[in-house]
Amino acid sequence: MADIHNVVIIGSGPAGLTAAIYLARANLKPVVIAGLEFGGQLMNTTEVENFPGFPEGIMGPELMQKMLKQAERFGAEIKFINADKVDFSSDEKKVYSGEQVFNARSIVLATGASPKKLNLESESKYWGKGVSSCATCDGAFYKGKVVAVVGGGDSAMEEALFLTRFASKVYVIHRRNEFRASQIMQDRVLKHEKIEPIWDSEVVEVLGNENIVTGLRLKNIQTSKESELSVDGMFLGIGHIPTTSFLQGSVDLDEQGYIKVSDNTHTNIEGVFVAGDVHDHKYRQAITAAGMGCMAALDVEKWLESKGY
Ligand code: NAP
């Protein structure tokens, strides 16, 4: 008979790994389905300046490596595979990864969210050839070039500021006439000599030449007038989509696809808990995700105990 794990955690960002640290320290031997690429969104971040305990800042990937090590130190079993299906229809929950099945008494869903796209045909055509959602991954390719960032939130501001290290000019294209980002980030962007905002505008087409981006066709939302902007690359910073499609209706989601909670971190399914950005679309910080990972772990512990396990 297959092993029954006390708890399987799906996801290995700050939420999943914090849950793993707590559950491993509680001697519950958690299994973490970490994904083929572990670590979540911080793996695509440069310097993290707002995670307490690192007064000089820390690089995102380094922070995640430290969390992974900490979870492993207490005995969490990390599997670098993707979960592609779940079955929560009986007390013995199942998580599938290809041919492998993990049976568990309880589950923590911590799969996070991924960057949103504009859904333009030309965006797909030039994806990876001048269109990107990760300035920290691809910014260095734009030394001395002109780039555009789309969006008006903190992600867009962060990308624009990061790109100034390489690019000669950075446009920030936003669909309204004011940013949604925090004041400090807005101020840094608006004061930067290399950055120019383009207000009330949306990208309607990515223009290119064989395999390279040469510009963008923009539409002014107020006047409906279209114009062309010469750029060598476009970076998206327009928000996120929760990673919940593999759940295929097994737990209740809200209208945007984020996992709902019924009681603290408990979902509508007995023994299935949630933590981090796959639930929280409001705060979305590494520290809040880690905090919720801790809450989910404590809730799992109590729940297992209440069931006599
Ligand atoms: P966000 O705050 O939801 O901002 C998304 C931005 O993209 C908005 O300005 C939105 O425009 C625009 N947008 C959305 N869909 C669009 C579309 N289809 N076409 C054009 N523009 C579109 O997302 P975020 O910037 O990823 O931030 C998410 C959360 O993470 C926030 O709470 C943020 O504070 C946090 N965050 C924090 C940091 C940090 O502290 N260092 C860094 C990154 C993110 P509208 O404004 O018109 O809706």
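The rules behind each value
Residues numbered from 1 in each chain as written. Predicted model: local features only at pLDDT ≥ 70, side-chain atom pairs only at ≥ 80, totals over all residues. Heavy atoms only, no water. Pairing = 2+ DSSP bridges. Helix = DSSP H or I, 4+ residues; strand = E, 2+ residues; numbered from the N terminus. Contact = heavy atoms within 4.5 Å. Axes fitted to C-alpha atoms, helices over the stretch in contact; angles between N-to-C directions. Buried < 20%, exposed > 50% of the residue type's maximum accessible area, 1.4 Å probe, protein only. Near = heavy atom within 4 Å. Polar contact = N/O pair within 3.5 Å; in protein donor to acceptor, adjacent residues only side chain to side chain. Areas by Shrake-Rupley, 256 points an atom, 1.4 Å probe, with all protein chains shown as cover. Nonpolar A, V, L, I, M, F, W, Y, C, P; charged D, E, K, R; others polar. Domains from an automatic or database assignment. Left-handed = near helix turned anticlockwise from the far one by under 90°. Expected span 1.5 Å × (residues − 1).

A.B. asks: Let's hear about the sheet that holds strand 10 (residues 131-132): which residues, and what values?
C.D. replies: Two orientations exist for strands paired in a sheet by backbone hydrogen bonds: parallel and antiparallel. Spatially, 5 strands are ordered 10-17-11-12-13 in an open sheet, and the strand pairing comes out parallel. Of all strands in the sheet, those bounded by a partner on one side alone are strand 10 and strand 13 (195-198). Inspection of the sheet shows strand 10 paired to strand 17 (residues 233-236) by 2 bridges, in the parallel sense. Bridge pairing in strand 17 links Val 131 to Met 234. Against the sheet, helix 5 (residues 154-163) touches strand 11 (146-150), strand 12 (169-173), strand 13 and strand 17, its axis set at about 170° to strand 11.

A.B. asks: How would you explain unusual backbone geometry if you had to name every residue and give the values?
C.D. replies: In this model, Asn 119 sits at a positive phi of 65°, which is unusual for a non-glycine residue. Relative to the assigned elements, Asn 119 resides in the loop between strand 9 (113-115) and helix 3 (121-125). Accessibility expressed as a relative area gives 68% for Asn 119, which makes it exposed.

A.B. asks: Any chance you could break down the site of the ligand for me, citing the residues and the numbers?
C.D. replies: The full set close to the ligand counts 21 residues, and Asp 154, Ser 155, Glu 158, Arg 176 and Arg 180 are the nearest of them. Between an oxygen atom of the ligand and a side-chain N or O atom of Asn 50, the distance comes to 3.5 Å. Between the ligand and Gly 153, the relevant distance is 3.4 Å, taken from an oxygen atom to a main-chain nitrogen or oxygen of the residue. The fraction of the free accessible surface of the ligand (910 Å²) that becomes covered by protein chains is 78%. It is helix 5 that provides the largest number of residues to the shell around the ligand, a total of 3 residues. Partitioned by chemical class, the residues of the shell around the ligand number 3 nonpolar, 10 polar and 8 charged. Built from parts of two domains, the shell around the ligand gets at least three residues from each of domain 1 (4-114 + 240-306) and domain 2 (117-236).

A.B. asks: Lay out the packing of helix 5 against helix 6 (residues 183-191) in plain terms, naming residues and giving numbers.
C.D. replies: One way to put it is that helix 5 packs onto helix 6 with a least axis distance of 10 Å and a crossing angle of 35°. Seen along the crossing, helix 5 lies across helix 6 with a hand that is left-handed. Contacts between helix 5 and helix 6 pair Asp 154, Met 157, Glu 158 and Leu 161 from the former with Met 185, Gln 186, Arg 188 and Val 189 from the latter. Split by residue class, the contact of helix 5 with helix 6 holds 4 nonpolar, 1 polar and 3 charged.

A.B. asks: Talk me through helix 1 (residues 14-25); I want residue IDs and the actual numbers.
C.D. replies: The terminal C-alpha atoms of helix 1 lie 16 Å apart, and with 12 residues this matches the ideal 16 Å at 1.5 Å per residue to within 8%. Along helix 1, the residues that are buried comprise Pro 14, Ala 15, Gly 16, Leu 17, Thr 18, Ala 19, Ala 20, Ile 21, Leu 23 and Ala 24. Tucked inside the fold, the buried residues of helix 1 contact strand 1 (4-10), strand 2 (31-33), helix 2 (60-73), strand 5 (77-79), strand 8 (100-109) and helix 7 (286-306). Of the residues one or two after helix 1, Asn 27 is the one with positive phi, at around 65°.

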